[in-house]
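# Inside the fold
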Amino acid sequence: MSSEADASSAPSPLAGRAVRFLALAAVYAVVVLLVPRPDTVTVEGWRITAIFLATIAGLMIQPLPGAALVIIGLTCFVLIGGLPVPRVLTGFSSPSVWLVLAAMLMSRALRDSGLSRRIALIFVRLVGQTSLGVSYALMMSDVTLATGIPSITARSGGIILPVARSIAELYGSTPGATSRRLGAFLMTSLYQGSAVACAMFLTGQASNVLIAGLAAKLAGVTITWSSWFMAGIVPGLASCIVVPLVVMRVQTPTVRRTPAAAEFAREQLVAMGPLSRDEAVSLAVFVTVCVLWMTSAWNGLDVTIVALAALGVLIMSGVLTWDTALREKHAWDVFVWYGGLLTMGEILNETGSTTAFAEWVGASFSGMDWFAVLLLTLVIYFYAHYAFASITAHALAMFPPFVVMLIGLGTPPLVAVYALACLANLTAGLTHYGTTTAPIVFAEGYVSFADWWRAGFAVSVANLCIWVGLGLVWWKWLGFW
């Protein structure tokens, strides 16, 4: 009887959704009616700014899935902002949007063929004799796959997590009393490693391509797969070495040696047998794509065309069927919200709002050296992610005004762009809601709320020191400043 009463008194999902929509309407109203409009922004432009901010708020509180919110936002751009329909749909014709879609469909072929799991098991077999070695194996698996799979969820949640859970269970480490035996360390380490993998490659995370588009329009900086790779390789590898050590210090496992993990990986690889036809085709395509992307500055091939051609090979060979591609809902969902957000970001920049904000913030730093402003800005930018549940939402809200502000105050454009772009990914490690994979790993139950946040903060300090310290030295050597 009491359970029925509790159920009847619980708020309905529709009621909760209505409250969240009212919150978005309030965001729009506050911006339009209460926030002073800059003189350089038109009335229509200010309405568009309010719609954009309400959409970003929606991505945070999620009354609807992100793609649906973006469609509603684009519709409001037309009905309220007065923009023509063709203009608000231009993002869906962008090559970068098709690059992300093609790469995510390619990743489905790698997963279904078993190649992705084989790669992870090979790393575990090679260096999995200790708990620290297992964490390095999981991280390097993620980093390897990030060269061509722009989905942290597919990599960490779909490929790396099951391997980590199986190894933890080999040592009797399950959620609850035995979690600290090994599982808590592995879960924390694999998630923090996935954030590093996202930061190292243009294809590490779907929103990286979005940032690249914004960098070209706002800062005049062209980001390619190879240029991001060069910018991220040294600080990225340093983070790959340091992050598991930091997690080991904060989330120390009681099991230090794990010979059974390497044996487990060996047995699984034996069970898988030699490379299947689908794995061989997937491997050949994966390696070819990475080589062509890495050498795009010399071969002259557009990275999107390379990705689409690779997708065509996978479909024609039967490794990926079109029906399977259509069932890859996450890829099509990203296509919708990414294409829409790309347009929204471009239009927001055209209103002059980001420039006005950057000038306002820049006035507070007047007279300061650009290097000091950069350091202060990066710390603010990084820890602002406590308020975001999405790398994309964070980057879209804060990258445009911050990059304009930093460049306006004298920061070299390449330094401003790559610092903000890479750190946007590393911020995901702060919380158990930092990006889409965080709730998946947290839901395994191995890591408590307090331990997750404690490890997240410790790793954030290490990553900031590496990417701002060593990163700036490396970028100096590359000629960024």
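Scroll up for the structure.
Scoring rules and cut-offs
- Residues numbered from 1 in each chain as written.
- Predicted model: local features only at pLDDT ≥ 70, side-chain atom pairs only at ≥ 80, totals over all residues.
- Heavy atoms only, no water.
- Helix = DSSP H or I, 4+ residues; strand = E, 2+ residues; numbered from the N terminus.
- Buried < 20%, exposed > 50% of the residue type's maximum accessible area, 1.4 Å probe, protein only.
- Polar contact = N/O pair within 3.5 Å; in protein donor to acceptor, adjacent residues only side chain to side chain.
- Contact = heavy atoms within 4.5 Å.
- Phe/Tyr/Trp six-rings, centres within 6.5 Å; stacked < 30°, edge-to-face > 60°.
- Lys NZ or Arg CZ within 6 Å of the ring centre and 35° of its normal.
- Patch = residues over 30% accessible without salt bridge, like charges linked within 9 Å, V, L, I, M, F, W, Y side chains within 5 Å.
- Areas by Shrake-Rupley, 256 points an atom, 1.4 Å probe, with all protein chains shown as cover.
- Salt bridge = Lys/Arg side-chain N within 4 Å of Asp/Glu carboxyl O.
- Expected span 1.5 Å × (residues − 1).
- Axes fitted to C-alpha atoms, helices over the stretch in contact; angles between N-to-C directions.
- Parallel < 35°, antiparallel > 145°, perpendicular 65-115°, else oblique.
- Nonpolar A, V, L, I, M, F, W, Y, C, P; charged D, E, K, R; others polar.
- Core = buried A, V, L, I, M, F, W, Y, C linked by side-chain atoms within 4.5 Å.

## Structural notes on the environment of Val 43
By the secondary structure assignment, Val 43 is in helix H3 (residues 43-61). Among the residues examined, Val 43 registers a relative accessible area of 40% and is labelled partly exposed. Sequence-wise, Val 43 and Thr 351 are 308 residues apart; in three dimensions their C-alpha atoms are separated by 9.6 Å.

## Quick word on the side chain of Ser 156
For Ser 156, the position within the fold is in helix H9 (residues 152-170). Since its relative accessible area comes to 0%, Ser 156 is described here as buried. Within the local environment of Ser 156, its side chain forms a polar contact with the side chain of Asp 142, the two groups lying 2.6 Å apart. Other than its neighbours up to four places away in sequence, Ser 156 contacts Asp 142, Leu 161, Leu 190, Ser 194 and Thr 437.

## Considering the packing of aromatic side chains
In this structure the tally under the stated criterion is 23 aromatic pairs. Taken together, the ring pairs in this structure connect Phe 382, Tyr 383, Tyr 386, Phe 449, Trp 453 and Phe 457 into an aromatic cluster. Above the plane of the ring of Trp 481 lies Lys 476, whose end atom (NZ or CZ) is 4.6 Å from the centre.

## Here's the deal with the environment of Leu 79
Inspection of the secondary structure assignment puts Leu 79 in helix H4 (residues 66-79). With 282 residues separating them along the chain, Leu 79 and Val 361 place their C-alpha atoms 31 Å apart.

## With respect to a nonpolar patch on the surface
There is a patch of nonpolar side chains on the surface, built from Val 30, Leu 33, Leu 34 and Val 35 and spanning about 400 Å² of accessible area. Within the secondary structure, Val 35 sits in the loop between helix H2 (13-34) and H3.

## Observations regarding helix H10 (residues 183-200)
Compared with the 26 Å implied by 1.5 Å per residue over 18 residues, the 26 Å span of H10 between its first and last C-alpha is a close match. Counted residue by residue, H10 has 18 buried out of 18 residues, so it is predominantly covered.

## A short note on the packing of helix H12 (residues 225-250) against helix H22 (residues 413-426)
Two elements in contact, H12 and H22, have axes whose closest approach is 11 Å; the angle formed by their N-to-C orientations is 75 degrees. Here H12 lies roughly perpendicular to H22, going by the angle between them. Residues Ser 227, Trp 228 and Ala 231 of H12 touch H22, and the partners they reach there are Tyr 418, Ala 421, Cys 422 and Asn 425. Partitioned by chemical class, the residues of the contact of H12 with H22 number five nonpolar, two polar and no charged.

## Remarks on the nonpolar core
Nonpolar side chains in soluble globular proteins tend to be buried together. Counting 165 residues, the largest nonpolar core has Leu 138, Ile 167, Ile 223, Trp 293, Phe 399, Val 403 and Leu 423 as its most contacted members. Top contributing element to this core by residue count: H12, with 12 residues. In this view, Phe 399 contacts Ile 211, Leu 214, Ala 215, Tyr 381, His 394, Val 417, Leu 420 and Ala 421; residues no more than four positions away in its chain are not counted.

## Comments concerning the pattern of salt bridges
Under the counting rule described, the total for this entry stands at 11 salt bridges. A salt bridge links Glu 328 to Arg 111, with the shortest nitrogen-to-oxygen separation between them at 3.1 Å. With Glu 328 in the loop between helix H17 (322-327) and helix H18 (329-351) and Arg 111 in helix H6 (residues 95-113), this residue pair connects regions lying 217 residues apart in the sequence. Residue Asp 142 pairs with Arg 155 through a salt bridge whose shortest N-O separation is 2.5 Å. Taken together, the positions of Asp 142 in helix H8 (residues 131-146) and Arg 155 in helix H9 put the pair 13 residues apart, joining distant regions of the chain. According to the relative accessible area criterion, Asp 142 is buried, its value standing at 1%. A residue is classified by how much of its surface remains accessible, and Arg 155, at 0% relative accessible area, is buried. In this structure, a network of salt bridges that share partners links the residues Arg 108, Arg 111, Asp 112 and Glu 328.

## A few points about the environment of Leu 308
Tracing the backbone through its elements, the reader meets Leu 308 in helix H16 (residues 303-316). Its relative accessible area of 36% is what places Leu 308 among the partly exposed residues. Between the C-alpha atoms of Leu 308 and Arg 256, which are 52 residues apart in sequence, the distance is 45 Å. Apart from residues lying up to four places away in sequence, Leu 308 is in contact with Trp 98 and Ala 102.

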